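Descriptive structure summary
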Amino acid sequence: MTTKTEAGVQTAPAPWPTITTAELLAHSGNVRSVEAPADLLADVKANGVQEPLYIVDTHGGVPQIIDGFQRLAAAVDAGLEELPFTPRPVIRIDALTPHPENAREDLDINARFVESFRVEGCRIPVKIQRLEGGVLQVNDGNRRFYGATDAGLTHVPYEWEDDDRDAAGQFLDMITTSEQRKGLTTREMNQAMFSAAEAGAQVGRIAKAAGVRQKDVRTLVKVRNDETLNAAISAASGYTWTFENMAALSEFADNPEALAAITKAATAKGADEAKVQWAIEVERVKRDKAAKAAAHRAELEAAGQKIRDIEELAERATAVSELNGVKAEEHATCKGQVWVFDDRRGDRYEPYCSAPGLYGHIAPESAKSSGTSNAATAAEVEAERAARAAVKAGNIDWDAAEVIRRKWLADLIKSRNLPKASTIALIGHVNEALLSGTWGICDDLNKEPTTEILADFLGLNAQQATDRSAFAQYAAKDPRKAPQLQFAAIAAVREKCANRSAWRTDSQHAPWTRKPTAAWFRVLESLGYPLTLIERSVVDEKPYDRAKEEPHASLLGGGDPDDEQGDEQGDEESEAEPVEGEGEDEQAAHDARPEQADENPEGEAEPDAEQATEEPTVEGPEGTEPEGTESDAEPTADTETA
């Protein structure tokens, strides 16, 4: 037996268009010698004409009645001035009987489908056949029948089935009509919506007809009406632009370089949503860094600070962070202090001392000068510039990957219908982290950066995120999501510690960060997260080469946060599925242990922001002070993942 999903949407049917009685009587073809039956006349006098007349326009523009002569006669006798009409034949829904053996097992009567009937009515006629006993059976259009019923329509357009169509032919028609229907592609749908807007349709009407948000329609119209943005869309005609993609293009309407980079990703061979989204995130990181750098410069200039380009500095100039025994606060009054753009980070300026010896400071012999030595060859100068550019580009890509990864995690945590296998895997990772003590949970769980990341995963706003003790009440609304919420706490700790230094394999290589970060990425991969190229390089313990093929990473998490499917369906589907990443937890935990046993003999994690301040001489794997200080690598996990 065919089942359908109840949409739960009922509404009053839209009023029929009307035509004046005088206009109909003005044409002799509508005047017939018919007499309205007494019951019809009584009903019309009491309630007016309820059934619309079927009227078509002739070539001369004359309204010709096809069906409804008796109703016209009753209206004249009742003195009605206007009558409802329809330009195509319709039939009352309650006069029809759905096919008892419809081939479709699930008619999928969803809210969007029902809404289309509410907005535009039933546009495609149902095909009906009169059976013995006067039953009017719907042979084709049962889904439309139920959708129109749920939308509150009283009538649907119809056409008669061939009188000689047998039962076998009815079922064959179900196959034929299914094969002959083809929905619009996303690109075709977008074009139709834009054309409707150009033709004068309001945003709300377009959104309801297409089953999309009004915000999406406005985005589409804005992009298509903008000459520059529309050119970018048209340049990548082979790629299907999503509303999110188009909204992102709008962000860069005044940035030709960013538009070109995004368009290049969309026009590349094998372009897909993930690769385009990657290009978008990279450009967002660049834009945000530039904005922060500009704000920092403005702040420095307002304070009367001197700003210099690094090429302007003498060979002896040294970053304050590299001076022996001098803190940034202490150096602030030094007459030799200047500020230089930190091109590795890209979002701030860094204090330098232009002449340490002259102003009584001691620069370490091993410190790298900011300027270019007169003895340096052109090749050495170029190599240094290339190295700095590589660090800057790598940091941008790392930040972009972090945005993508955390979006994926947030979707996983917020999913309302997580498969059973995924839930079991999450529980396994939570148990491993809590019971084995290998993930540094106790040290990092309550720190401020972890709180900020966790609040983001849970979807809390800034006000809600100010009180960590209240997090549980926001998370307790659905007890079934307990494994996801527990995993969110673990994920926040791991993300807090996965700072930029993890990707570096140059002189700033930090194995105490790279190894546990690689273990964390393996956990995510076991849960279905497709690693980006820079994340893959960490897992594979290889240098990052951004010149390789761009990463193919999905932005979708473990499930759709808005998925309303029942739990039973999720359980049935997942019973046959193997547990994703089975055995990966132990391997990931094992991989997380060496840095505690080898890098830090005390059995503690490497210093983060607070520890680095209190214990500046903690030794790294080579028995020396860990590199990755302010001048090159990011100093702490806390500051970099906040």
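What counts, and at which threshold
Within every chain, residues take consecutive numbers counted from 1 along the sequence as written. Local features are withheld for residues below a pLDDT of 70 in this predicted model, meaning they are given only at 70 or higher, and side-chain atom pairs are given and counted only at 80 or more; totals for whole chains, interfaces and linings count all residues. With hydrogens and water stripped out, all remaining heavy atoms of the structure feed into the side-chain values. The helix and strand labels rest on DSSP assignments: H or I over at least four residues marks a helix, E over at least two residues marks a strand, and numbering proceeds from the N terminus. With a 1.4 Å probe rolled over the protein chains alone, any residue whose accessible area is under 20% of its type maximum counts as buried; one over 50% counts as exposed, and the rest are partly exposed. The criterion used for residue contact is that any of the two residues' heavy atoms lie within 4.5 Å. Two strands are said to pair when DSSP picks up at least two bridges between them. Angles here are taken between N-to-C directions and fall from 0 to 180 degrees, while the axes themselves are lines fitted to C-alpha atoms, restricted in helices to the stretch in contact. To estimate the expected span of a helix, count its residues, drop one, and scale the result by 1.5 Å. Stacked, tilted and edge-to-face are the three classes applied to pairs of Phe, Tyr and Trp rings, where Trp contributes its six-membered ring and a pair requires centres within 6.5 Å; stacked means planes under 30 degrees apart, edge-to-face means over 60, and tilted covers the rest. The salt bridge definition used is simple: a Lys or Arg side-chain nitrogen within 4 Å of an Asp or Glu carboxyl oxygen. In this scheme, roughly parallel covers angles under 35 degrees and roughly antiparallel covers those over 145, while 65 to 115 is roughly perpendicular and the rest are oblique. Residues are sorted three ways: Asp, Glu, Lys and Arg are charged, Ala, Val, Leu, Ile, Met, Phe, Trp, Tyr, Cys and Pro are nonpolar, and all the rest, Gly among them, are polar. Here pLDDT means the predictor's own confidence in every residue, given as a number from 0 to 100.

**Some thoughts on the overall build of the protein chain**
Regarding its fold elements, the protein chain presents 27 helices and 13 strands. Relative to its full complement of 642 residues, the protein chain shows a buried share of 44%. Considering only intrachain contacts with a sequence separation of at least 6, the fraction spanning at least 24 residues in the protein chain is 76%.

**Remarks on the pairing of strand S4 (residues 82-86)**
Of all five residues in S4, four are buried, a share of seventy percent or more. As defined by bridge partners, strand S1 (residues 18-20) adjoins S4 across three bridges and the pair is classed as antiparallel. Each residue of the ladder has a partner; that of Thr20, found in S4, is Glu82. Of the pairings in the sheet, the one linking strand S2 (residues 53-57) to S4 comprises two bridges and is parallel in character. Directly across from Tyr54, in S4, lies its bridge partner Thr86.

**A word on the sheet that holds strand S9 (residues 155-160)**
Picture the strands of a sheet paired through backbone hydrogen bonds; they go either parallel or antiparallel. Pairing within the open sheet is mixed, and its five strands lie in the order S5-S9-S7-S8-S6. Either end of the sheet is taken by a strand with one partner, and the two such strands are strand S5 (90-92) and strand S6 (96-98). Neighbouring strand axes in the sheet, compared pairwise and without regard to direction, differ in orientation by 55° on average. In this structure, strand S7 (residues 126-130) lies alongside strand S8 (residues 136-140), joined through four bridges in antiparallel fashion. Bridge pairing links Gln129 to Gln137 in S8. Each of S6, S7, S8 and S9 touches helix H5 (residues 142-150); the most contacted strand, S8, lies at about 115° to it.

**Re the environment of Lys447**
Note that Lys447 resides in the loop between helix H17 (441-444) and helix H18 (448-458). By relative accessible area, which is 12% here, Lys447 ends up buried. In the structure, Lys447 is positioned 49 residues away from Lys496 in sequence and 9.2 Å away in space, judged by C-alpha atoms.

**Describing helix H21 (residues 511-526)**
Taking 1.5 Å as the rise per residue, H21 with 16 residues should run 22 Å; its terminal C-alpha atoms sit 22 Å apart, in good agreement. Burial analysis of H21 places 14 of its 16 residues in the buried class, the great majority of the element. The first or second residue beyond H21 is Gly528, which carries a positive phi of 110°.

**Some details on the packing of aromatic side chains**
A complete count under the given rule lists eight aromatic pairs for this structure. Relative to Trp520, the ring of Phe487 has its centre 5.9 Å away and its plane inclined at 35°; by these criteria the two rings are tilted. Residue Phe487 is found in helix H20 (residues 482-497), and its partner Trp520 is found in helix H21; the two are separated by 33 residues along the sequence. Across the pair, Trp520 and Phe487 agree in class, each one buried.

**Examining the pattern of salt bridges**
Applying the stated criterion across every chain yields a total of 27 salt bridges. For Arg287, the salt bridge is made with Glu251, and the minimal N-O distance between the two is 2.8 Å. You can see Arg287 sitting in helix H13 (residues 273-302) and its partner Glu251 sitting in helix H11 (residues 243-251), a full 36 residues away along the chain. You can call Glu251 partly exposed: its relative accessible area is 33%. Among the salt bridges present, the one from Asp347 reaches Arg345, with a minimum N-O distance of 3.5 Å. Each member of the pair, Asp347 as well as Arg345, carries the same accessibility label: buried.

**Quick word on the packing of helix H7 (residues 186-198) against helix H9 (residues 214-225)**
At a minimum axis separation of 10 Å, H7 and H9 run at an interaxial angle of 80°. Viewed along their axes, H7 and H9 adopt a mutual orientation that is roughly perpendicular. On H9, the residues touching Asn190, Gln191, Met193, Phe194 and Ala197 of H7 are Val217, Leu220, Val221, Arg224 and Asn225. In terms of residue class, the contact of H7 with H9 is built from six nonpolar, three polar and one charged.

**Digging into the pairing of S9**
As paired strands, S5 and S9 are joined by three bridges and run antiparallel to one another. Within the sheet, the bridge partner assigned to Arg92 lies in S9 and is His155. Inspection of the sheet shows S7 paired to S9 by three bridges, in the parallel sense. Note that in S9 the partner of Ile128 across the bridge is Trp160.

**Points about H5**
Of all the residues in H5, the buried ones are Asn142, Arg144, Phe145, Gly147, Ala148 and Asp150. As for H5, its buried residues are in contact with S6, helix H4 (111-120), S7, S8 and S9. At the exit of H5 stands Gly152, carrying a positive phi of roughly 85°.

**A word on unusual backbone geometry**
With a phi close to 55°, Glu541 is a non-glycine residue in the positive phi region. With respect to the secondary-structure elements, Glu541 resides in the loop between helix H22 (533-539) and helix H23 (567-575). Taking relative accessible area as the criterion, Glu541 reaches 46% and is therefore assigned partly exposed.

**Section: the confidence of the model for the protein chain**
When pLDDT is averaged across the protein chain, the result is 77; 75% of the residues are at 70 or more. Below a pLDDT of 50 lies the segment residues 7-11, which in the model reaches 15 contacts outside its immediate sequence neighbourhood of four places, other chains included. Contacts of residues 551-642 to residues separated by more than four positions or lying in other chains number 184 contacts, the stretch itself having pLDDT below 50.

**Thoughts on the sheet that holds S4**
Across the sheet, four strands lie side by side as S1-S4-S2-S3; this open sheet has mixed pairing. Two strands close off the open sheet at either side, each with one partner strand: S1 and strand S3 (63-67). Taking each pair of neighbouring strands and ignoring which way they run, the sheet shows an average axis angle of 55°. As paired strands, S2 and S3 are joined by four bridges and run antiparallel to one another. Across the sheet, the residue bridging to Tyr54 is Asp67, located in S3. Strand contacts of helix H3 (residues 69-78): S2, S3 and S4, with the helix running at about 115° to S3, the strand carrying the most contacts.

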